[in-house]
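Single-letter residue listing:
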Amino acid sequence: MSASVKSLLSPLTSRGPHRVLRGNLAIAGQPGVVFTPESGQNLPCVVFGHGWLTGVSHYRGTLEHLASWGFVVAAPDTERGPIPSHLNLATDLLTTLDICTGVRLGDGALSVHPERLALAGHGMGAGAAVIAAAQRPVGALVAIAPAPTAPAAESLAPQLSIPALILSGAADIDSVSSNAIPLAAAWAGDAQLRALDGASNTGIVEGRRALGAFGVGKYEHKTARAVRGLITGYLLYQLLGDKKYQPFADPDAQIPHTQLIDPNAPREEEKPKVGIGQLASLLRK
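Presented here is a report on the structure given in the accompanying data block. Treat the numbers as computed from the prediction; the structure is a model and nothing was measured.

Rules of the game
In this convention, every chain numbers its residues from 1, walking through the sequence in written order. At least 70 in pLDDT is required for a residue's local features to be given in this predicted model, at least 80 for side-chain atom pairs to be given and counted, and no such filter applies to totals for whole chains, interfaces and linings, which use all residues. Calculation of side-chain values draws on the structure's entire complement of heavy atoms; hydrogens and water are dropped beforehand. Helix numbering and strand numbering both begin at the N terminus, where a helix is a DSSP run of H or I of at least 4 residues and a strand a DSSP run of E of at least 2. Note on contacts: a residue pair qualifies if any of its non-hydrogen atoms lie within 4.5 Å across the two residues. Note on areas: Shrake-Rupley with a 1.4 Å probe; residue coverage comes only from the protein chains shown. Three labels apply to residues, based on accessible area from a 1.4 Å probe with only protein chains included: buried if under 20% of the type maximum, exposed if over 50%, partly exposed otherwise in between. Each pair of strands is called paired provided DSSP finds at least two bridges between the two strands. Note on handedness: a crossover is taken as right-handed if, strands pointing away from the viewer, the path from the first strand over the helix to the second is clockwise. The salt bridge definition used is simple: a Lys or Arg side-chain nitrogen within 4 Å of an Asp or Glu carboxyl oxygen. Angles here are taken between N-to-C directions and fall from 0 to 180 degrees, while the axes themselves are lines fitted to C-alpha atoms, restricted in helices to the stretch in contact. Each angle is binned into one of four classes, with values under 35 degrees roughly parallel, values over 145 roughly antiparallel, values of 65 to 115 roughly perpendicular, and all other values oblique. In this scheme the crossing of two helices becomes right-handed for a clockwise turn of the near helix relative to the far one and left-handed for an anticlockwise turn of less than a right angle. To define a nonpolar core, start from buried Ala, Val, Leu, Ile, Met, Phe, Trp, Tyr and Cys residues and group those joined through side-chain atoms within 4.5 Å.

### Side note on the overall build of the chain
Move 1: If you tally the helices and strands in the chain, you get eight helices and nine strands.
Move 2: Summarising the internal contacts of the chain: among those between residues at least 6 apart in sequence, 72% fall at separations of at least 24.
Move 3: Per element, the accessible surface of the chain, about 12,500 Å² overall, is 52% carbon and sulfur.

What follows is the structure in structure tokens.
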């Protein structure tokens, strides 16, 4: 199984066959960006939420990557300050979803299938995606290094029966700034939690960020490639039903350089440590 998954994963870590176009969501009244294949009808759509103290420009490579594999990918560019509203970001994700499904894209050569929709995000954006999914049904959810939000994503997870892929850097999965384990444990539907070997939770963020001043946020090329491949394969199966990519949704599949994590397994209690979540809390006081 591992050899077959490896052969599937390798091409998915590189750009797909479609030429990518870029658009501005602000034309439709929502600050943000949209990336699409050059043409296509009834395309799958992914709406993405950014992490704390970042904007969508720091995820351009990942968004373009998904678009090159045939997805319409859109991301609101709001709540970028040190004290963001997770509820407002979730609302912006839903507004962006409405734009993609209800507004004419390009010159009419593009359309989104109303039932081939996914929400995704990184850090607080992953939590906002969960908050949004609790308000509107979608076909799948991808949470990359989910971070604590208000309301807590894990408090809403028991309401969600949709399939979910939850990814975390192996180095940070137990940190106070990660709620990947409780989120997976509380999920009502099929949730797969995978830790990426040698990865940190901020490794997919491109370019320099405000968090660099705190010694975190270095871009990890290998982490970004791995995440792009995993989410592309997972969504090709979940949204399009392409059985070729079923192993990406199979908890028994041995995917190279990842570990499937049982969120209900006993874990050693760690000593308290200062993390990004605590820093955000201090800034709110």
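### Here we look at the pairing of strand β5 (residues 110-122)
Move 1: Most of β5 is tucked away, with 10 of its 13 residues classed as buried.
Move 2: By the bridge criterion, five bridges tie β5 to strand β6 (residues 140-144) in an arrangement that is parallel. By the bridge assignment, L119 is partnered in β6 with L141.
Move 3: After leaving β5, the chain enters helix α4 (residues 124-133) and then returns to the sheet as β6, a path that is right-handed.

### Notes on α4
Move 1: A large share of α4 lies buried, amounting to 10 of its 10 residues.
Move 2: Three or more residues of α4 are buried, namely M124, G125, A126, G127, A128, A129, V130, I131, A132 and A133.

### A word on the pattern of salt bridges
Move 1: Evaluation of the coordinates by the stated rule reveals six salt bridges.
Move 2: One salt bridge connects E64 with R15, and the closest N-O pair in it is separated by 3.6 Å. Taken together, the residues E64 in helix α2 (residues 60-68) and R15 in the loop between α1 (2-12) and β1 (20-24) connect sequence positions 49 residues apart.
Move 3: As a salt-bridge pair, R228 and E206 come within 3.3 Å of each other at their nearest N and O atoms. With R228 in helix α7 (residues 221-240) and E206 in the loop between β8 (191-196) and α7, this pair connects stretches of sequence that are 22 residues apart. Here R228 and E206 have matching classes, each one buried.
Move 4: Taken together, the shared-partner salt bridges in this structure form one network comprising R15, R60 and E64.

### Some remarks on the packing of helix α3 (residues 86-102) against α4
Move 1: Look at α3 against α4: their axes get within 8 Å of each other, and the N-to-C directions meet at 65 degrees. With respect to each other, α3 and α4 are oriented roughly perpendicular. Between α3 and α4 lies a crossing of right-handed hand. Side by side, α3 and α4 meet where H86, L87, L89, A90, L93 and L94 of the first sit next to M124, G125, A128, A129, I131 and A132 of the second.

### A few points about the nonpolar core
Move 1: Among the nonpolar cores identified, the biggest contains 48 residues, and L119, L141 and W187 are the most heavily contacted of them.
Move 2: It is α4 that contributes the most residues to this core, eight residues altogether.
Move 3: When near neighbours in sequence (up to four residues on either side) are disregarded, W187 contacts V130, L141, A157, L160, I162 and A164.
Move 4: Core analysis: the next-biggest nonpolar cluster, separate from the first, contains 41 residues, A67, I144, V205 and A249 among them.

Treat this as a map of the structure, not an account of what it does.
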